[in-house]
Amino acid sequence: MVITRNGLVLGATAVTLATIAVSIFGIHSQGQALFKESPKELVDEVWQIIDRQYVDGTFNHLDWQAVRKEYLSKSYNNKQEAYKSIREMLKKLDDPYTRFMSPEEFKSLQVDTSGELTGIGIQIGLDEKNGKKLTVIAPIEDTPAFKAGLLAKDVITKINGKNTEGMDINQAVALIRGEAGTQVTLSIVRNGQPKDYTITRAKIEIHPVKYSQEQTPAGNIGYIRLNQFSANAGKEMQTAIQNLESKQVAGYVLDLRNNPGGLLFSSVEIARMWIDKGTIVSTKDRQGEVEREVANGRALTKKPLVILVDKGSASASEILSGAMQDNKRAVLVGSRTFGKGLVQSVRPLDDGSGVAVTIAKYYTPLNRDINKHGIDPNVKVELTDTQRQNLWLRDRAKLGTQADPQFAKAVEVLRQEIASGANTSVPKN
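Remember, it's a predicted structure, so these values are computed and weren't measured experimentally.

Next up on the list: the nonpolar core. Core analysis: the biggest nonpolar cluster contains 61 residues, and Ile224, Met237, Leu254, Trp274 and Met324 have the highest contact counts within it. Top element by residues in this core is helix H2 (residues 39-53). It accounts for six residues. Not counting residues up to four positions away in its chain, the partners in contact with Leu254 are Ile224, Leu226, Met237, Trp274, Leu305, Val306, Ile307, Leu308 and Leu320. Among the nonpolar cores identified, the runner-up in size contains 20 residues, and Leu150, Ile159, Ile169 and Val184 belong to it.

In this section: the layout of surface pockets. One number sums up the size of the largest pocket: a volume of about 740 Å³. When residues of the lining of the largest pocket are traced back to their parent elements, those giving at least two are helix H4 (79-91), strand E4 (99-101), strand E6 (133-139), strand E7 (155-159) and helix H7 (169-176). Split into classes, the residues belonging to the lining of the largest pocket amount to 10 nonpolar, eight polar and 11 charged.

Another point: the sheet that holds strand E14 (residues 252-255). Reading across the sheet, the six strands line up as E12-E13-E14-E18-E19-E22 and stay open at both edges, with mixed pairing between neighbours. The open sheet terminates on both sides in strands that have one partner only, identified here as strand E12 (209-216) and strand E22 (379-380). Both strand E13 (residues 219-226) and E14 contribute to a ladder of four bridges, which runs parallel. Bridging from a neighbouring strand, Ile224 pairs with Leu254 of E14. Set on the sheet, helix H12 (residues 405-420) makes contact with E12, E13, E14, strand E18 (305-309), strand E19 (331-334) and E22; between it and E18 the angle comes to about 160 degrees.

Inspection of the entire model under this criterion finds 17 salt bridges. The residue Arg257 makes a salt bridge to Asp255 at a minimum N-O spacing of 2.8 Å. Each member of the pair, Arg257 together with Asp255, is buried. Between Lys361 and Asp369 there is a salt bridge whose closest N-O contact spans 3.0 Å.

On to the packing of aromatic side chains, then. This structure, assessed with the given rule, holds six aromatic pairs. Ring centres 5.0 Å apart and planes at 45 degrees place the aromatic pair Tyr83 and Phe100 in the tilted group. Placement of Tyr83 in helix H4 and of Phe100 in strand E4 is noted, with a sequence separation of 17 residues between them. Like Phe100, Tyr83 is buried. Cluster of aromatic residues (ring-pair linked, three or more members): Trp47, Tyr54, Phe59 and Trp64. If you follow Lys153 out to its NZ or CZ, it ends over the ring of Phe338, 3.8 Å from the centre. Between Lys284 and the ring centre of Tyr363, over which it is positioned, the NZ or CZ distance is 4.6 Å.

Okay, helix H10 (residues 316-326) next. A large share of H10 lies buried, amounting to 11 of its 11 residues. Residues of H10 that are buried include every one of Ala316, Ser317, Glu318, Ile319, Leu320, Ser321, Gly322, Ala323, Met324, Gln325 and Asp326, and no others. Just past H10, the residue Lys328 takes up positive phi, approximately 55 degrees.

Attention now goes to unusual backbone geometry. A positive phi is found at Asn258, a non-glycine position, where the angle reads about 65 degrees. Following the sequence through the fold, Asn258 ends up in the loop between E14 and strand E15 (262-263). Using a relative accessible area of 6% as the deciding quantity, one classes Asn258 as buried.

Rules used throughout
Residues numbered from 1 in each chain as written. Predicted model: local features only at pLDDT ≥ 70, side-chain atom pairs only at ≥ 80, totals over all residues. Heavy atoms only, no water. Core = buried A, V, L, I, M, F, W, Y, C linked by side-chain atoms within 4.5 Å. Buried < 20%, exposed > 50% of the residue type's maximum accessible area, 1.4 Å probe, protein only. Helix = DSSP H or I, 4+ residues; strand = E, 2+ residues; numbered from the N terminus. Contact = heavy atoms within 4.5 Å. 1 Å grid on protein atoms, 1.4 Å probe; cavity = no way out; pocket = protein on both sides within 12 Å on 5 of 7 lines; lining within 4 Å. Points joined across faces, edges and corners; volume = space filled by probe spheres on them. Nonpolar A, V, L, I, M, F, W, Y, C, P; charged D, E, K, R; others polar. Pairing = 2+ DSSP bridges. Axes fitted to C-alpha atoms, helices over the stretch in contact; angles between N-to-C directions. Salt bridge = Lys/Arg side-chain N within 4 Å of Asp/Glu carboxyl O. Phe/Tyr/Trp six-rings, centres within 6.5 Å; stacked < 30°, edge-to-face > 60°. Lys NZ or Arg CZ within 6 Å of the ring centre and 35° of its normal.

Any link to function would need more than the numbers given here.
The following block contains the structure:
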C-alpha cells in the first residue's frame, strides 16, 4: 500500500494489519450534528464523492444517477442502516478498492507508518487475478506473520474459522487485528494445499533499511535491504548509501523482495537518490490529466545498481523498481512483482467514518500500466515456495549471500555492469 501525505493511496486494498496510534484527519462537529438529524445526508455525501472523483467516468457501465435515486428514496432510522446502504451502493461498482469504512475502521486506516504498530505484520488485499480472493500481499520482515511462515500470494480462506468468501478488507482487518499477546488463526491455501497458522499478535517495530558491505565475485559491493517505505525510510536509505560510498563500493544490490510498499513520497524520495534526471512515476485520472514526479539532479551515486524483486514486491516497490528499470538505471533480477497500480483518495466523512475511492492509475516512466500484471524482471530467477521458506525463515543467514540464488545472480549481473564501466560516482560539490 502507498499513502501520500495528502491522503492518496496506491493499491488500497492492501491494508497493514496493525493498529497505528496516529490521527491525520479532523472531524467536523457541525457535520456530526447534521448527520444525527439525517443519516441520508451521509449516503448522499458518499454518492457525491464517487460522482466527482471515481476513475471511470462510466462508473463501470453503471447508471450512477439511478443509483442515487434508489438509495435516497429509502428511509434511514439510524447510522447503521445508512452504513449498510452505502456498502451496498459501492458494491455495485464492482471495485474492491473503493470501499466505505465505519469510524472504527477508518481510524485503523489513518496510517502515518511512523507510529507504533500492534498486529501480526502482514498486508492483505483482494487479488483480482485470483477471483478477488483475500490474499497476503506480503508479510513484513521480522513480524509474527513473517516468523510464522506466511508468504506472499497465500490465499486466506478462514479467519478464526470464519469463511472469507465474499468478505471485504474491512471485515478481514476487524477479525485479524487485536491486542498484543492475543492469538488469531488464519487458514490459508498455498499451491492448492490448505494449512492453518495460529499467530500471536505483538507490538511491531520496523527499521526499514538494513545494509552491509560485501566481498563478492563482483568485488566490494553495497547490499541494501529495504523492508518497507515508511516515513523514515528515505533518511535511513540516505545514511546507507553515504556510508557505503565512503567505503568505496564498486556497485550496489538493492533488495526489494517481500517489500509490500508504504508511502508514495518515500518511494519518490528514494528514487531521487539513485537517478539524476527523468520521470519517476505519473498518475492519470478519468479526465486523462497527468501528475508527474521527476528526479531533481541530486542522486547520491551513479554506480551500477541491481534490484532484487519478487511476487511480494508491491505498490511502492513497483514504483521504485519500475522507475529504475524504465530509466535504465538498474537491472531487475528475480521474479514478477505483485501488480498494484491503482491510486485512491481516502476521504473523511462528517460522522467520523471514511471512504476510499479509486481516482487514478499510476504508470511507470515508459507509460506502463502494471496493475494486475506487475513488473517483469530483466533477469528471471524463480524460487520455489520451499526455497523461499528455507531462505527467509529457516536459514536467514544465507539471505544476501552466494547461497541465495537470486542474490548470487544479482552479483553476477552486477559484475558485468561494473566491468562495462558505464557508471561512476556522482562528483562531490
